[in-house]
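Spelled out, the chains give:
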Amino acid sequence: MAQVGIYVPISAIFPDANPTFSSFRSLLQRLSRTDVLFWCARLNHVVSGQSALSHEQRQAFGLQKLFSQTEIGRLDRFCSTQNRLSENTTVFFRGQILELFRWAVLYCDDQDDDGTTFEDPDVRRDFVQACLIASDLWSRRVHGEALDLSHGLDTARRRALGPFRKTMEGSLTPGELSQNLGRGWQLFREHVPRVESSFESIFESATHLSTEDYYICWSALITNYAKPASETTIFCADRMAAPTACPELLQRFLALESQSPDDLRSSLWPNVDRGSSSPAEDHPYDYRPLRERPILASRDGRLILVDPVFSFDKCSIGPLFHALPLFNANHLFQVFGKAFEAYVCDLLERAFPKVGSGLATPMSRNIQDRDVGGEQYEIDACLNYVTDLVLFEIKAVWVQEPKLSPKSSDALIGLLRERYSVTDKSVKGAGQLARVINALVMRQWLGPRNEFAAVRTIYPVIVVNDRLSASPGFGIFVVDEFRKALLPHMVSCPGELTARGLRIFAPVVLTVEDMELLEVSIERSGFREILVNYCKWSPDRMLPFSDFLAEMSGLGLVLANRFLAATSMEVLNRAIGRLFPHVANGESSA
């Protein structure tokens, strides 16, 4: 597991600074808005971008660009005093940078010399102080009193579900481009149109782009301006589009995905008047405006990707939200849910292919059947090894940002139960798995052809599309809800249950990224073996499977997804053929 790190307080670098919100506001009012926003984006690209850089190297970028030698000396002394290595010390992180970004949008204004203000060391000093105060603002807003143990550990865990998710989000890095791009292409070029034939035409009406155009443009943009460990992040629409065979296509795309600082002020701070009383420092922060249009456009034509995570997310999910205004929302999310389920089932079929007549494969999908009493059972997918059974429940849902506040913990628990458990209105997620397992325990239903009659061990798995749903603590919530819905049982050992002779593992939550990495990796380690090893590694499911997978990766046991790599290469080749046909045809551009 990763070593515990430490975040640098402002007092360590600026001992005379006054870290109040009023001082923070004053610092921002001295800075030029667009320069601050572009520097936030540049820092964020290095700190949270996809890269082989170490944590220490990522931090060094900001230190070398913004800190004076005196300030670096104070940082070194702080690390020495705390007995911390610089590789475990954090000055800049994603949550802090996005926190600073939103307040800069509100309180900064463009100055006459915007574009060059950071050449002044006093400006850089003010910016660094604002960054360090933003760390505290982020922490207080995200955590509140969620970690207070005075009401017991169980209460603290429930209250911390939202803050744990936000904490994970604050240090998130994007997934592999091949996974995001390949998944998005498969979902919106293959699966969604099969479920809803009108999706493509409605998307074109909303964006004046085809989904192919959309992915061509994103692949061109990210491969040029979100390169790992590169500072080449600022670009110009005209210069990017001019050398291509379709400049108008890229111009339309950039207009669709970009916004100005004034646009951001309106969307991030609706109905807030800077001249009146200031908003509270823990004012809710909905990232939606940044997710929807993650490219920042300055008045002089410069463009930059604000956040690599939001940018990569657009590759995998962007078309859904662009089409949403022209669809019935409930219908469109149902369409996406069916498409996502088909995507995961296709992945399982590639991992466990049929051989010959198909009798040799353990994999089945979309099982629907009734018992003798007429009770209906549904299984999204399963792996049947005769005595061992892996059950998959596939969920494509999101959690609204306001429910993640420490003050909204009860509302969040209620929402999660609606999405993943048993309520008066529905049975979903962990409840659905428990319902099927209860029937197997009671032997009132053993599959459409009694194919589960010999099962003795069951591995319940929930697959989610939103990787933040697998943040620390969520697995415990799923296990608790599962056990409430399960028939009387005993805990045989941590993470394992028994009911009427059946061995039942506590549910495992896998993100779609986890599933994609496992597709090829199970060639070296069996799927059941990996699940068992994870269950031993985190018996209470407090730690997410992605952390376990990271340890496996360090041992060389995680392999890239070949199918998605090939799909993303197809998209990139289409981009080259469309935008640079002379290159695709092997012609000289001279």
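This structure is a prediction, so every number in the text was calculated from the model and none was measured.

Asks: In this structure, what is going on with helix α4 (residues 55-66)? I would like to understand it.
Replies: Structural remark: α-helix, 3.6 residues per turn; residues separated by three or four positions point the same way. When the terminal C-alpha atoms of α4 are compared, their 17 Å separation across twelve residues agrees well with the 16 Å that a helix rising 1.5 Å per residue should span. Those residues of α4 lying buried are Arg58, Gln59, Phe61, Gly62, Leu63 and Leu66. Its buried side turned inward, α4 meets α3 (33-48), α5 (69-81), β2 (89-90) and α7 (121-143).

Asks: Looking at this structure, how should I read the sheet that holds strand β4 (residues 258-259)?
Replies: Think of a sheet as strands paired side by side through backbone hydrogen bonds, with each pair either parallel or antiparallel. Here we have four strands laid out as an open sheet, ordered β3-β6-β5-β4, and mixed in their pairing. In the strand order of this sheet, the two ends are held by β3 (235-236) and β4, each with one partner. Where β4 lies against strand β5 (residues 295-297), two bridges are found, and the strand directions are parallel. Note that in β5 the partner of Gln259 across the bridge is Leu296.

Asks: What exactly am I supposed to notice about the environment of Leu559 here?
Replies: By secondary structure assignment, the location of Leu559 is in the loop between α24 (545-554) and α25 (562-579). Sequence spacing of Leu559 and Pro15 is 544 residues, and the spatial spacing of their C-alpha atoms is 47 Å. Excluding residues within four positions of it along the chain, Leu559 makes contact with Leu517, Val520, Ser521 and Arg524.

Asks: Looking at this model, I keep getting lost on the packing of α3 against helix α15 (residues 261-268). Mind explaining?
Replies: Between two packed helices, the angle of one axis relative to the other and the distance separating the axes together describe the packing. At a minimum axis distance of 11 Å, the contact between α3 and α15 shows a crossing angle of 80°. Classified by the interaxial angle, the pair formed by α3 and α15 is roughly perpendicular. Contact residues: α3 offers Arg33, Thr34 and Leu37, while α15 offers Pro261, Asp262 and Arg265.

Asks: What is the right way to read helix α19 (residues 409-420) from this model?
Replies: Between its first and last C-alpha atoms α19 spans 16 Å; for twelve residues at 1.5 Å apiece the expected length is 16 Å, and the two agree. Along α19, the residues that are buried comprise Ser409, Leu412, Ile413, Leu415, Leu416, Arg419 and Tyr420. Across the axial projection of α19, the buried residues extend over an arc of 165°, all falling on one side.

Asks: How should I be thinking about the packing of aromatic side chains in this particular structure?
Replies: Two measures describe an aromatic ring pair: the distance that separates the ring centres and the angle between the ring planes. Taken as a whole, this structure holds 38 aromatic pairs when the rule is applied. Measuring from ring centre to ring centre gives 4.9 Å for Phe21 and Trp103, while their planes differ by 70°; the resulting arrangement is edge-to-face. Residue Phe21 is located in helix α2 (residues 21-29), and its partner Trp103 is located in helix α6 (residues 94-107); the two are separated by 82 residues in the primary sequence. Comparing Phe21 with Trp103, the two get one shared label, buried. Considering the side-chain rings of Phe392 and Phe527, the 5.8 Å spacing of their centres and the 35° angle between planes classify their relative orientation as tilted. A residue pair is termed long-range when its members are at least 10 positions apart, and Phe392 in strand β9 (residues 388-395) and Phe527 in helix α23 (residues 527-537) qualify at 135 residues. Residue classification places Phe392 among the buried residues on the basis of a relative accessible area of 1%. Over the aromatic face of Trp185 sits the side chain of Arg189, whose NZ or CZ is 5.1 Å from the ring centroid. For Arg528, the ring lying beneath its charged end belongs to Tyr385, and the centroid distance is 3.6 Å.

What counts as what
- Residues numbered from 1 in each chain as written.
- Predicted model: local features only at pLDDT ≥ 70, side-chain atom pairs only at ≥ 80, totals over all residues.
- Heavy atoms only, no water.
- Helix = DSSP H or I, 4+ residues; strand = E, 2+ residues; numbered from the N terminus.
- Expected span 1.5 Å × (residues − 1).
- Buried < 20%, exposed > 50% of the residue type's maximum accessible area, 1.4 Å probe, protein only.
- Contact = heavy atoms within 4.5 Å.
- Pairing = 2+ DSSP bridges.
- Axes fitted to C-alpha atoms, helices over the stretch in contact; angles between N-to-C directions.
- Parallel < 35°, antiparallel > 145°, perpendicular 65-115°, else oblique.
- Arc of directions from axis to C-beta.
- Phe/Tyr/Trp six-rings, centres within 6.5 Å; stacked < 30°, edge-to-face > 60°.
- Lys NZ or Arg CZ within 6 Å of the ring centre and 35° of its normal.

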